[in-house]
Amino acid sequence: MELGFAGFGVTVLRRVRGRRTVVSLAGGKSKGGAVRQKKSSTSQGYLDALEKYEPVVGIEVHAQLATKTKAFCSCSTKESKLPNTNVCPVCMGHPGTLPVLNKSVVDLAIKAGLALNCEIAKFSKFDRKNYFYPDTPKNYQISQYDIPIAEHGSLDLPVSGCTVGITRLHMEEDAGKLTHMGSGSGRIADSTHSLVDYNRSGTALIEIVSEPDLRSGVQAAEYGQELQKVLRFIGASDCNMQDGSLRLDVNVSIREKGASEFGTKIEIKNLNSFGSVQKSIEHEIERQAAALNAGEKLQQETRFWDEKGLKTLLMRVKEGEADYRYFPEPDIPPLKVSDEVLQSVKDAIPELPNVRRKRYQETYGLSDYDAMLMSDDKETSDFFEQSVDLGGA
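What you are looking at is a predicted structure, and each value in this text was computed from that prediction instead of being measured.

1. Considerations on the overall build of the protein chain
Consideration 1: Scanning the protein chain for helices and strands turns up nine helices and 21 strands.
Consideration 2: Burial statistics for the protein chain: of 393 residues in total, 48% are counted as buried.
Consideration 3: Across the protein chain, every contact between residues at least 6 apart in sequence was considered, and the portion connecting residues at least 24 apart equals 67%.
Consideration 4: Carbon and sulfur atoms make up 51% of the accessible area of the protein chain, which amounts to about 19100 Å² in all.

2. Describing the pairing of strand 10 (residues 140-143)
Consideration 1: Alternating positions in strand 10 separate into two faces, Tyr-140 and Ile-142 on one and Gln-141 and Ser-143 on the other, with burial throughout.
Consideration 2: Pairing of strand 9 (residues 127-130) with strand 10 involves four bridges; the strand directions are antiparallel. Within the sheet, the bridge partner assigned to Asp-127 lies in strand 10 and is Ser-143.

3. Some remarks on the nonpolar core
Consideration 1: Membership of the largest hydrophobic core comes to 66 residues, with the highest contact counts inside it found for Ile-208, Tyr-223 and Leu-231.
Consideration 2: Of the residues forming this core, the biggest block, eight residues, is contributed by helix 2 (residues 103-115).
Consideration 3: Among all residues touching Ile-208, those that are not within four sequence positions of it are Ile-59, Glu-60, Val-61, Leu-116, Ile-166, Arg-168, Leu-169, Tyr-223, Leu-227 and Leu-231.

4. A look at the side chain of Ser-245
Consideration 1: Note on placement: Ser-245 falls in the loop between helix 3 (217-233) and strand 16 (246-256).
Consideration 2: A relative accessible area of 4% places Ser-245 in the buried class.
Consideration 3: Side-chain polar atoms of Ser-245 contact the side chain of Asp-238, separated by 2.6 Å.
Consideration 4: A distance of 2.8 Å separates the side chain of Ser-245 from the backbone nitrogen of Asn-240, its partner in a polar contact.
Consideration 5: With residues near it in sequence (within four places) discarded, Ser-245 still touches His-62, Ala-63, Gln-64, Ser-237, Asp-238, Cys-239 and Asn-240.

5. Thoughts on the pairing of strand 13 (residues 177-181)
Consideration 1: Of the two faces of strand 13, only one is covered, namely that formed by Leu-178 and His-180; the face formed by Lys-177, Thr-179 and Met-181 stays uncovered.
Consideration 2: Across five bridges, the pairing between strand 13 and strand 14 (residues 193-197) is antiparallel. Bridge pairing links His-180 to Ser-194 in strand 14.

6. Considering the environment of Leu-227
Consideration 1: As for its placement among the helices and strands, Leu-227 is situated in helix 3.
Consideration 2: Assessed through its relative accessible area of 1%, Leu-227 is described here as buried.
Consideration 3: The sequence separation of Leu-227 and Ala-115 amounts to 112 residues, and the corresponding C-alpha distance is 9.9 Å.
Consideration 4: For Leu-227, the residues in contact, after removing those within four places along its chain, are Val-61, Leu-116, Leu-155 and Ile-208.

7. Points about the pattern of salt bridges
Consideration 1: Summed over all chains, the structure comprises 25 salt bridges.
Consideration 2: Lys-125 is paired through a salt bridge with Asp-127; the nearest N and O atoms lie 2.4 Å apart.
Consideration 3: What makes Lys-125 buried here is its relative accessible area of 15%.
Consideration 4: Given the relative accessible area of 2%, Asp-127 is considered buried.
Consideration 5: The closest approach of N and O atoms between Asp-174 and Arg-247, which form a salt bridge, is 2.9 Å. Placement of Asp-174 in the loop between strand 12 (163-173) and strand 13 and of Arg-247 in strand 16 is noted, with a sequence separation of 73 residues between them. No difference in accessibility class separates Asp-174 from Arg-247, as the two residues are buried.

8. Overview of the sheet that holds strand 18 (residues 301-306)
Sheet strands pair via backbone hydrogen bonds, and the direction of the pair is either parallel or antiparallel.
Consideration 1: The mixed open sheet is built from nine strands, whose spatial order is 7-11-12-15-6-16-17-18-19. Single-partner strands in this sheet number two, and they are strand 7 (119-120) and strand 19 (311-317).
Consideration 2: Taken together, the two bridges between strand 7 and strand 11 (residues 150-156) define a ladder with antiparallel strand orientation. Pairing of Ile-120 across the sheet is with Ala-150, part of strand 11.

9. Digging into the side chain of Ser-280
Consideration 1: Tracing the sequence through the fold places Ser-280 in helix 4 (residues 274-293).
Consideration 2: Ignoring anything within four residues of it in the chain, the contact list for Ser-280 reads Val-250, Ile-268, Leu-271, Trp-305 and Thr-312.

10. Considering unusual backbone geometry
Consideration 1: In this structure, Asn-84 is a non-glycine residue whose phi angle is positive, near 55°.
Consideration 2: Within the secondary structure, Asn-84 sits in the loop between strand 6 (53-64) and helix 2.
Consideration 3: Of note in this structure, His-152 is not a glycine but carries a positive phi near 60°.
Consideration 4: Mapped onto the secondary structure, His-152 falls in strand 11.

11. Some points on the sheet that holds strand 20 (residues 327-328)
Consideration 1: The three strands lie next to each other as 10-9-20, forming an open sheet whose pairing is antiparallel. The open sheet has two free edges, formed respectively by strand 10 and strand 20, since each of these has just one partner strand.

12. A short note on the confidence of the model for the protein chain
Consideration 1: Residues with a pLDDT of 70 or more make up 89% of the protein chain, whose mean pLDDT is 89.
Consideration 2: In this model residues 1-39 is a low-confidence stretch, pLDDT under 50, and it forms 98 contacts with partners more than four residues away in sequence or in other chains.

Cut-offs and rules
- Residues numbered from 1 in each chain as written.
- Predicted model: local features only at pLDDT ≥ 70, side-chain atom pairs only at ≥ 80, totals over all residues.
- Heavy atoms only, no water.
- Helix = DSSP H or I, 4+ residues; strand = E, 2+ residues; numbered from the N terminus.
- Buried < 20%, exposed > 50% of the residue type's maximum accessible area, 1.4 Å probe, protein only.
- Contact = heavy atoms within 4.5 Å.
- Areas by Shrake-Rupley, 256 points an atom, 1.4 Å probe, with all protein chains shown as cover.
- Pairing = 2+ DSSP bridges.
- Core = buried A, V, L, I, M, F, W, Y, C linked by side-chain atoms within 4.5 Å.
- Polar contact = N/O pair within 3.5 Å; in protein donor to acceptor, adjacent residues only side chain to side chain.
- Salt bridge = Lys/Arg side-chain N within 4 Å of Asp/Glu carboxyl O.
- pLDDT = per-residue confidence, 0-100.

Listed below in structure tokens is the structure:
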């Protein structure tokens with residue numbers, strides 16, 4: 001087994017059943033045995049900002065659900081090398097077509113909600129979120145607005161020791177994928193044209209919205225990692241960020257220390273690595289502090305993270321909820337979840353990472369670090385327990 005720091009945490013290279021796999025951890029082990037976080041490389045401007053301001057961070061996570069077919073049609077979710085092949089009149093929004101809800105989407109959403117200690121709604125509904133963008137063929141997205149499938153949950157972070165509230169978890173469909181051509185950056189700003197692939201359009205998502213309980217980029221990255229572990233443990237999503245099946249939007253604001261009111265919220269869209277989550281938040285805290293210190297007034301807006309320039313850039317002024325003109329989805333009836341369905345989903349949830357970590361420490365006397373390592377993913381954890389059962393402990 002080989003250990004080495006990579007990005008936010010520790011990368012462990014190991015061989016399980018002859019295969020070389022990677023485990024990412026949120027921290028390492030100090031000489032005293034306590035779990036510690038890897039120090040981030042921060043600028044003096046960021047440190048100065050923390051002297052005067054308190055950061056407030058919330059995260060919206062989009063996770064593609066591990067279903068064989070899309071949310072409202074029978075098109076396969078299996079990746080295709082050819083663009084625009086896993087499509088049909090329903091997910092392309094052709095006139096006269098009717099969506100049919102995939103039951104597996106509901107089961108996995110409930111499963112994720114329960115794993116995150118949420119209250120599951122016995123009655124919920126779908127809504128239309130109206131907006132135009134080339135990767136949205138219907139010019140609206142089927143989502144959930146005022147009655148989501150799950151609310152009021154929480155997630156404990158093992159390294160920082162804080163508990164992050166989960167505001168809501170709701171089901172929706174994914175958009176297509178745009179590829180911006182004619183530039184080296186791949187960004188729309190300096191591209192000459194864009195190609196659209198609708199294979200992903202209509203794929204089932206859950207969006208998980210946190211409370212603004214995070215106070216640093218390090219905590220935000222840890223939250224993303226822990227959430228990824230939970231969703232993988234229960235089989236709700238593969239959460240492969242490199243494939244786009246887990247995407248994070250962060251909302252960052254700052255307020256003077258001691259203030260009770262939140263500052264102006266700035267959103268950073270589509271972060272695809274935990275390192276980017278940490279770095280973009282730290283940069284945005286520094287940028288907002290510099291603007292306020294210069295007497296500027298911040299506006300609510302959406303920005304993107306420029307990985308090469310290590311800075312956030314403006315995408316658009318943030319839309320409000322009124323701009324989306326939500327209304328109940330007329331083609332999908334309201335959803336009722338019976339006690340029997342709820343119990344069957346609950347019974348299918350395995351022992352979660354935080355419970356296993358505690359049990360490994362109490363039962364086997366493992367250190368914080370070793371317990372975290374052995375519960376990092378379900379395959380590793382199950383392999384460890386099989387080894388113990390065979391007399392390996």
